[in-house]
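Tertiary structure, described
Residue-level listing of the chains:
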Amino acid sequence: MEKLRPLLGCIADDFTGATDLANILVRGGMRTVQTIGVPSEDLAASLDADAIVVALKSRTAPVEQAVSESLQALRWLQGRGCRQFFFKYCSTFDSTSAGNIGPVAEALQAALAADFAIACPAFPAAGRTAYMGHLFVQQRLLSESGMERHPLTPMRDPDLVRLLQAQSRSKVGLIAHPDVAGGAAAVRERIAALRSQGVRLAIADAISDADLITLGEACADAPLVTGGSGMAQGLPANFRRSGTLPDADASLLPRIAGPAVVLSGSASVATNGQVAAWLRGGRRGFRIEPLALARGESVVAAALDFIDAGETTLVYATSGADEVRRVQAELGAAHAGALVEQALGQIAARLRERGTRRFVVAGGETSGAVVQALGLRALRIGAQIDPGVPETHSFGAGEPLAVVLKSGNFGTEDFFDKALRHLEGPVA
Ligand SMILES: Nc1ncnc2c1ncn2[C@@H]1O[C@H](COP(=O)(O)OP(=O)(O)O)[C@@H](O)[C@H]1O
Ligand SMILES: O=C(O)[C@@H](O)C(=O)COP(=O)(O)O
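Residues numbered from 1 in each chain as written. Chains lettered and ligands numbered in written order. Predicted model: local features only at pLDDT ≥ 70, side-chain atom pairs only at ≥ 80, totals over all residues. Heavy atoms only, no water.

As annotated in an unreviewed UniProt entry, the protein carries the name 3-oxo-tetronate kinase and is attributed to Variovorax ginsengisoli. Recorded under Function (unreviewed entry), the UniProt text for the protein is reproduced unchanged: "Catalyzes the ATP-dependent phosphorylation of 3-oxo-tetronate to 3-oxo-tetronate 4-phosphate." Looking at the protein in UniProt, the text filed under Sequence similarities (unreviewed entry) is "Belongs to the four-carbon acid sugar kinase family." (UniProt positions renumbered as here; feature names shortened; annotations may be inferred.)

**So, empty space enclosed by the protein**
Rolled over the atoms, a probe with the dimensions of a water molecule shows which regions are left empty. Throughout the structure, instances matching the rule amount to one cavity of 30 Å³ or more. The calculated volume of the largest cavity comes to roughly 40 Å³. Forming the walls of the largest cavity are D13, S58, R59, A66, S70, F87, N100, I101 and V104. In terms of residue class, the lining of the largest cavity is built from four nonpolar, three polar and two charged. (1 Å grid on protein atoms, 1.4 Å probe; cavity = no way out; pocket = protein on both sides within 12 Å on 5 of 7 lines; lining within 4 Å. Points joined across faces, edges and corners; volume = space filled by probe spheres on them. Nonpolar A, V, L, I, M, F, W, Y, C, P; charged D, E, K, R; others polar.)

**As for the site of ligand 1**
Near ligand 1 you find 18 residues, and of these S266, A267, E341, E365 and T366 are the closest. At 2.8 Å, a backbone N or O of A267 approaches an oxygen atom of ligand 1. With respect to ligand 1, the side chain of E341 contributes an N or O atom lying 2.5 Å from an oxygen atom. Contact with the protein chains removes 85% of the 570 Å² of surface that ligand 1 exposes when unbound. Contributing elements (two or more residues each) for the shell around ligand 1: α13 (321-331), α14 (333-354) and α15 (364-373). Broken down by element, the residue count for the shell around ligand 1 peaks at four residues, all from α14. (Near = heavy atom within 4 Å. Polar contact = N/O pair within 3.5 Å; in protein donor to acceptor, adjacent residues only side chain to side chain. Areas by Shrake-Rupley, 256 points an atom, 1.4 Å probe, with all protein chains shown as cover. Helix = DSSP H or I, 4+ residues; strand = E, 2+ residues; numbered from the N terminus.)

Now the structure itself:
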């Protein structure tokens, strides 16, 4: 088979966010692989894809580190021959108070000699919309959505132009909704006007998928696009229009058989509902107690004893906000998180040795820990299970595994069952 040259090179600031973006690209008909960090050259040879997403863990890293890792990823993607580049951040614009999004976007712009880039975190399918430069989560402004209390990236300003301007050296502008509603030509006109005023980065409004398609079309010739996963929705059509992307189902993956496990270290509201629904259904569950881990009890061994290859087990540290606060007050948030992540990582690695082949993981940080403990290097992206969450298969690191990485906020209440049913699906 002829080897594909990638068209789109993406840099994502976290693992589940990378998977979310890859899912959008696959739905747009682009065969997509996600790499765990910047890959080594030996993996490059097996990366046959229309789009490559390099997953970094740079969202909460110090600014200089986020910039240097993003530039390293860019150089690697340029070396693969990508024609356009996408910087993916969270649909809630998660950035530290020092602000990684502006500096990374500006560094990528400088490296690509791109004097203008759009910035649009909107993802209406997940309830994130941007209007007049203000970001909403469902019906609430970002700063009143709960995100203002996020432990690592508290989002207290919903005015994204002001926020991005505070993070950036260059002038930030706005492509407001009336221009977006006017279609791709109106957006291009607005971009030309902003450029003539010296604006180099502009927040773009979007309240619907149609708006995102318009913005994507307007960015057909842009060397760099930045945004949430939704902003990538319109990009595959550009490649198809230019004749570089054939019509194909990009989501086909063969079936991987073998025992399954669900690992949840996510503390978010959606995951709490999913864990509760699983347990309410009388399904097998093993609770990881961070305080027991801190006391040095053999929690990992107990979990491994409890897990039954015949019946899928949920291993979870997921707890309500009050319980997490109580644990964090005792252990410190970072230590508590590290203990849980390490335990879930160890359990995953041991289960793989015991023959488990299918892993459903909940939580961004948790996914990072599990993927690293399993030594995964790259994932081929399959069909969507729920918005933002596709099935993936590992490759380039031993026998392939079926892996589902669920961002904390994503998925319906029956997500774990749905994901397991999906992995059982017909052989492609
Ligand atoms: N019961 C708990 N007490 C304290 N920390 C926890 C608990 N359960 C999970 N954690 C930690 O909270 C963090 C959750 O982050 P993440 O995995 O990104 O999911 P989410 O962002 O959906 O909450 C992880 O570091 C995890 O180890
Ligand atoms: O854009 C989004 O909302 C997601 O892709 C994402 O990045 C979520 O991050 P986590 O909640 O940390 O998984």
